[in-house]
Amino acid sequence: NAERGIAVGAYSSFYRTSDGGKSWQAAAEFAGDLHFNALAGGADGKVFLVGESGVILRSDDAGRSWTRIVSGINAVGPVNVVREDPKKAGLLFAGTEREVVFSADDGGSWQSLRMNMPASSIRDLVIKDDDLVIGTHGRSFWIYDVLYNVDKMLRLAQVAKEFGSEVAGTIMFTLSPVHSHEYFA
């Protein structure tokens, strides 16, 4: 809504407005020296803050309270972006300084989607239909075009672990003959 908004300060602060930006009130102060890189909205009033040292914070109440959701995130370098799948609430993707990670449990735990992608700073993520478009700082982009399989892969891995099997990732990024530049226009 045009009257209400939120903003983040670079160092440990978070602000809210209820009058279209004419005035701002401090909504939260975070302990320590947290440097935030980005703010993103999710489903049902969720807000995400991402920043240095692998920090991802989630608010389920539009910024009134915050939960640190970092289990499985490699804390080497910042998290640059986080996105929630608009079709599957709780399915999150984050771009770090080295890889893309995902969570199928609203940030409770994170796993790598890197596989054969080179280590690169992930600067933006876009979810379009069942595709995850990954923009890197290395002047390239990747398309992971089977998002609908992420939750199925997790369930299969869980079953395999329950039976004592080792689970190894097999995601492969390749050039797609199906998608043309018109698809993403």
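Model, not experiment: these values are computed from the prediction.

Caption draft 1: Looking closely at unusual backbone geometry. One non-glycine residue with positive phi stands out, namely D106, at about 60°. For D106, the location among the structural elements is in the loop between β10 (100–103) and β11 (111–112). A positive phi angle, close to 55°, is found at D129, a residue other than glycine. Tracing the chain through its elements places D129 in the loop between β12 (122–128) and β13 (131–136).

Caption draft 2: Broad picture of the environment of A38. Inspection of the secondary structure puts A38 in strand β4 (residues 36–41). Residue class for A38 comes out partly exposed when judged on its relative accessible area of 22%. Separated by 44 residues in the primary sequence, A38 and V82 have C-alpha atoms spaced 8.3 Å apart. A38 has contacts with F48, L49, V50 and N80, leaving out every residue within four places of it along the chain.

Caption draft 3: Representation of the sheet that holds β12 within the structure. On the basis of which strands lie adjacent, the open sheet formed by three strands has the order β12-β13-β14 and antiparallel pairing. What marks the edges here is a single partner per strand, and that holds for β12 and β14 (141–144). Sheet twist, expressed as the mean angle between neighbouring strand axes with direction ignored, is 20°. When β13 meets β14, the two strands line up antiparallel, connected through four bridges. The residue bridging V133 from the neighbouring strand is I143, located in β14.

Caption draft 4: How the structure looks around the sheet that holds strand β8 (residues 79–84). Taking strand neighbours across the sheet as the criterion, the four strands line up as β8-β9-β10-β11 in an open arrangement whose pairing is antiparallel. Both outer strands of the open sheet, β8 and β11, are each paired with one neighbouring strand and no more. Bridge count for strand β9 (residues 92–96) against β10 is four bridges, and the pairing is antiparallel. If you follow A94 over to β10, its bridge partner there is V101.

Caption draft 5: Main features of the nonpolar core. Core analysis: the biggest nonpolar cluster contains 13 residues, and F93, V100, L113, I122, L125, L132 and I134 have the highest contact counts within it. Those elements that provide at least two residues to this core are β10, β12 and β13. With three residues, β12 is the largest single contributor of residues to this core. Residues I69, V79, V82 and L92 belong to the second largest nonpolar core, which totals twelve residues.

Cut-offs applied
- Residues numbered from 1 in each chain as written.
- Predicted model: local features only at pLDDT ≥ 70, side-chain atom pairs only at ≥ 80, totals over all residues.
- Heavy atoms only, no water.
- Helix = DSSP H or I, 4+ residues; strand = E, 2+ residues; numbered from the N terminus.
- Buried < 20%, exposed > 50% of the residue type's maximum accessible area, 1.4 Å probe, protein only.
- Contact = heavy atoms within 4.5 Å.
- Pairing = 2+ DSSP bridges.
- Axes fitted to C-alpha atoms, helices over the stretch in contact; angles between N-to-C directions.
- Core = buried A, V, L, I, M, F, W, Y, C linked by side-chain atoms within 4.5 Å.

Nothing here speaks to function; it is all geometry.
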